[in-house]
Amino acid sequence: GRQWLIRRLAGTFLGTVQSRAQLVEGEKSLQRLTVSADVEKKARVVVTTQALGRGDVVTAASVEEREVMLDREMPTLFGSVDDAVGLEAKVPIAAGTRLDQRDLKASEMAARGDDITVVFVSKALRVKGHAKALEAGKLHSLIAVRNNNNDQYQAELIGKRLAVVGGPLTAAEEAQLREVAE
């Protein structure tokens, strides 16, 4: 009987994929045609919710995960918010842009010897003080600091030269502390 034989012409499975279709009956070719199909795959990517300037640090509030359709493999796109938070923009990035690893770099929040603001947090209480960073650190890393009384303790970096000691904070609480500290 008659049957259609289909052979892919390109090696790719994403994007515009061309195939050759041939209607055959036994050994005899009855009809030939080329079929083009636009093939996309669903992927989870990180997208900016606000514009980021060069040097801005990605925060949980500035990005979100979205499902999008991709017409090609894009291994440099971030798939998780956690992977992007704390990185610094190397170039300006518009709101709504898919975050690409090539546009971001690790960001140092404090260098050794920096004077930093430390906020002690306990429930509704916030006490602000100053200390010297005894080591460098990136966003959400614990670093050793020394206050004016020469007491040494650990503080978590939540912004540029801004650290917190005490209970865990939500992303909104961190953002609020960053605004107050500026």
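The notes below deal with the structure included here.

Definitions and cut-offs
- Residues numbered from 1 in each chain as written.
- Predicted model: local features only at pLDDT ≥ 70, side-chain atom pairs only at ≥ 80, totals over all residues.
- Heavy atoms only, no water.
- Helix = DSSP H or I, 4+ residues; strand = E, 2+ residues; numbered from the N terminus.
- Rg over C-alpha atoms; globule rule 2.2 N^0.38 Å.
- Buried < 20%, exposed > 50% of the residue type's maximum accessible area, 1.4 Å probe, protein only.
- Areas by Shrake-Rupley, 256 points an atom, 1.4 Å probe, with all protein chains shown as cover.
- Lys, Arg positive; Asp, Glu negative; His and termini not counted.
- Charge placed at Lys NZ, Arg CZ, Asp CG, Glu CD.
- Pairing = 2+ DSSP bridges.
- Axes fitted to C-alpha atoms, helices over the stretch in contact; angles between N-to-C directions.
- Phe/Tyr/Trp six-rings, centres within 6.5 Å; stacked < 30°, edge-to-face > 60°.
- Lys NZ or Arg CZ within 6 Å of the ring centre and 35° of its normal.
- Core = buried A, V, L, I, M, F, W, Y, C linked by side-chain atoms within 4.5 Å.
- Contact = heavy atoms within 4.5 Å.

Tallying secondary structure elements over the protein chain gives two helices and 14 strands in all. Relative to the 2.2 N^0.38 estimate, which gives 16 Å for 182 residues, the radius of gyration of the protein chain is 26 Å and therefore markedly larger than a compact globule would have. For the protein chain, the spread of C-alpha atoms along the principal axes amounts to about 95 × 30 × 25 Å. Here the protein chain holds 182 residues, and the buried ones make up 32% of them. With the model as given, the accessible surface of the protein chain reaches about 11300 Å², and the carbon-plus-sulfur share is 47%. Charge centroids of the protein chain, computed over 26 positive and 25 negative side chains, lie 6 Å from each other.

The next point concerns the sheet that holds strand β13 (residues 152–159). Strand order in the closed barrel formed by five strands is β9-β10-β12-β13-β14, and the pairing between neighbours is mixed. With direction set aside, neighbouring strand axes in the sheet form an average angle of 55°. Bridging between β13 and strand β14 (residues 162–166) involves three bridges; their strand directions are antiparallel. Its bridge partner lying in β14, Glu156 is registered against Val164.

Moving on to the packing of aromatic side chains. The geometry of two aromatic rings is summed up by the distance between their centres and the angle between their planes. Evaluated as defined, the whole model comprises zero aromatic pairs. Just above the ring of Phe13 sits the side chain of Arg8; from NZ or CZ to the centre is 3.9 Å.

To continue, consider the sheet that holds strand β2 (residues 15–25). The strand order across the open sheet built from three strands is β1-β2-β3, with neighbouring strands paired in antiparallel fashion. Lying at the two open borders of the sheet, with one neighbouring strand each, are β1 (2–8) and β3 (28–39). Strand-to-strand twist across the sheet, computed as the mean angle between neighbouring axes with direction ignored, equals 25°. Both β1 and β2 contribute to a ladder of seven bridges, which runs antiparallel.

Sheet analysis places strand β12 (residues 142–147) next to β13, joined by five bridges and oriented antiparallel. Paired with Val145 across the two strands is Tyr153, which belongs to β13. Linking two consecutive strands that pair antiparallel, namely β13 and β14, is a turn of two residues; a positive phi of about 50° is found at Arg161 within it.

Quick look at the nonpolar core now. Within the largest apolar cluster, 13 residues are counted, with the highest numbers of intra-cluster contacts made by Ala110, Ile116, Val118, Ile143, Val145, Leu157 and Ala163. Of all the secondary-structure elements, those providing two or more residues to this core are β8 (108–110), β9 (115–122), β10 (125–133), β12 and β13. Apart from the residues within four sequence positions on either side, Ile143 is in contact with Ala110, Ile116, Ala133, Glu135, Ala136, Gly137, Tyr153, Gln154, Ala155 and Leu157. Membership of the second largest hydrophobic core comes to 12 residues, among which are Val46, Val58, Val63 and Leu99.

Quick look at the environment of Thr170 now. Mapped onto the elements, Thr170 comes out in the loop between β14 and α2 (171–181). On a C-alpha basis, the gap between Thr170 and Ala60 in space is 9.8 Å, while along the polypeptide they are 110 residues apart.

Keep in mind these values describe shape, not function.
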